[in-house]
Amino acid sequence: MTIFVLPISVTKKLESLASKFWWNEDVTKRSIHWLRWSKLTNPKLEGGIGFKRMAELNLSLAAKQSWKLLNDTDSLWATTLKENFKLHHPTTRPENINLVADLTLPNSSSWNLDLIQETFSEEESKLILSIPIGHMNAADSLIWHYTNSGIYSAKSGYKLLTSNPGGDNSHLSSFWKSIWNLGGPPKLSCFIWRCATNSFVVQSNFQARNISAFATCKVCNQEDETLTHMLFHCPTSKQTWFASNLGIITQNMNFNSFIDWWIDVSDYLANASMKGQILRVAYICWNICLARYALIFHQKVVDPIATVRAALQGFTSHPTSCNQLSALRPSSSPTAKWLLPPSGR
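What comes next concerns the included structure. (Residues numbered from 1 in each chain as written. Predicted model: local features only at pLDDT ≥ 70, side-chain atom pairs only at ≥ 80, totals over all residues. Heavy atoms only, no water.)

**Things to note about the overall build of the protein**
Helix and strand counts for the protein stand at 16 helices and zero strands. For the protein, with 345 residues in total, the buried portion stands at 32%. Long-range pairs, those at least 24 residues apart, make up 52% of the contacts in the protein with a sequence separation of at least 6. Accessible area of the protein: about 22,700 Å², with a carbon and sulfur share of 56%. (Helix = DSSP H or I, 4+ residues; strand = E, 2+ residues; numbered from the N terminus. Buried < 20%, exposed > 50% of the residue type's maximum accessible area, 1.4 Å probe, protein only. Contact = heavy atoms within 4.5 Å. Areas by Shrake-Rupley, 256 points an atom, 1.4 Å probe, with all protein chains shown as cover.)

Encoded structure:
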């Protein structure tokens, strides 16, 4: 990919294999792709995973060879390429104009107004004349203004090809940053990401894709199983949050999506000086999901207390959680010790 520009059919095949592996480790089996590939290739701070778009990645890598060709004009490989393939800069400029210095007055730091107006169009002339000329006597060089060093990099080229100014999720960058910086295992961050993008295995998503005719929750058999119902509104989920002693009462909260709920809970914990407990909240969501799967696939009764204990065990397995957990425990009074009474009593 760093030398040749691959056919679109090849890059599409590579993207297809990557997408199949993400949704199912066995690429030979069919699986449900809960999100489009274009969503997965968005940066993490814009709601994606950060997978690379293969065609754009190919171009950004191959462009490094063009950058070397333009800068190392006297090198052996550049000379060979130019002679064998007759590489010339596509332009309509006169043969006597090759450098910026050719457009300036001799022994002066001013533009040659007459030459510029004769050579270029009126619009181009205005643009050229609006560029200030430096007073340093330095040789001309190519500058890539998308990097601080002025040198082209594949990373900057790929970012330029895939940039989406004012993307739909740009205003949620702080939210996406918070879930990828939870401090827990990567699988937990991926779980919260799937909840936030509604790319989760719930009955309502099956029904939306015409896979299932019914969307009723298999735990309570009362309402449709959406993501918010599974995590917050199902009776067993409400009991789990009540037993968590975090003060999160889901039925008293107004939210339209998981993202709204997560932001509200984060603000609540921050105001209650329990900001570090957001990792524990993620573990509770994770274990609510595991408890439901245990009921559906193994007929194990959902025990909210056991779910809270499992979440607490996962939370305390991280060294950074010890100080966070101690903030919830009441300070213990010093233990009274027996003292020998004074003599004569």
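**A few points about the packing of aromatic side chains**
Applying the stated criterion to the full structure yields 19 aromatic pairs. Three or more aromatic residues joined by ring pairs form one cluster here, namely Trp22, Trp23, Trp37, Phe51 and Trp193. (Phe/Tyr/Trp six-rings, centres within 6.5 Å; stacked < 30°, edge-to-face > 60°.)

**Here's the deal with the packing of helix α12 (residues 235–243) against helix α14 (residues 278–298)**
Contact geometry for α12 and α14: axes closest at 11 Å, N-to-C directions at 145°. Considering the relative orientation of α12 and α14, their crossing is right-handed. Within the contact between the two elements, α12 uses Thr236, Ser237, Thr240 and Trp241 and α14 uses Val281, Ile284, Cys285, Ile288 and Arg292. Here the contact of α12 with α14 is composed, by residue class, of five nonpolar, three polar and one charged. (Axes fitted to C-alpha atoms, helices over the stretch in contact; angles between N-to-C directions. Left-handed = near helix turned anticlockwise from the far one by under 90°. Nonpolar A, V, L, I, M, F, W, Y, C, P; charged D, E, K, R; others polar.)

**As for the nonpolar core**
Counting 47 residues, the largest nonpolar core has Leu231, Trp241, Phe258, Trp261, Trp262 and Val281 as the members making the most contacts within it. Among the elements of the structure, α2 (37–40), α8 (173–180), α9 (186–196), α11 (227–233), α13 (258–271), α14 and α15 (304–316) are those that each provide at least two residues to this core. Counting residues per element, this core draws most heavily on α14, at nine residues. When sequence neighbours within four positions are dropped, the list of residues in contact with Trp261 reads Phe232, Trp241, Ile248, Thr250, Met253, Phe255, Val281 and Cys285. Ile97, Leu103, Trp111 and Ile116 belong to the second-largest nonpolar core, a separate cluster that totals five residues. (Core = buried A, V, L, I, M, F, W, Y, C linked by side-chain atoms within 4.5 Å.)

**Details of the side chain of Asn42**
Considering the arrangement of structural elements, one finds Asn42 in the loop between α2 and α3 (54–71). Sequence-distant contacts of Asn42, that is, excluding residues within four places in its chain, are made with Gly48, Ile49, Gly50 and Arg53.

**Here we look at the pattern of salt bridges**
For the coordinates displayed, the defined rule picks out two salt bridges. Between Glu122 and Lys126 there is a salt bridge, and its shortest N-O distance comes to 3.7 Å. Of this pair, Glu122 and Lys126 both sit in helix α6 (residues 122–129), four residues apart, which is roughly one turn of that helix. Residue Glu122 is classed as exposed on the basis of its relative accessible area of 60%. Accessibility expressed as a relative area gives 56% for Lys126, which makes it exposed. The closest approach of N and O atoms between Arg292 and Glu225, which form a salt bridge, is 2.9 Å. One end of the pair, Arg292, is in helix α14; the other, Glu225, is in the loop between α10 (203–208) and α11, and 67 residues separate them in sequence. The residues Arg292 and Glu225 share a single accessibility class, namely buried. (Salt bridge = Lys/Arg side-chain N within 4 Å of Asp/Glu carboxyl O.)

**A closer look at the environment of Ser66**
For Ser66, the location among the structural elements is in helix α3. Considered as a pair, Ser66 and Tyr152 are 86 residues apart in the sequence and their alpha carbons are 9.9 Å apart.

**So, helix α1 (residues 8–23)**
The end-to-end C-alpha distance of α1 is 23 Å, a good match for the 22 Å that 16 residues give at a rise of 1.5 Å each. Taken together, the buried positions of α1 are occupied by Thr11, Glu15, Ser19 and Trp23. Along α1, the residues classed as buried sweep out an arc of 100° about the axis, all on the same side. The secondary structure elements touched by the buried residues of α1 are α2, α3 and α9. (Expected span 1.5 Å × (residues − 1). Arc of directions from axis to C-beta.)

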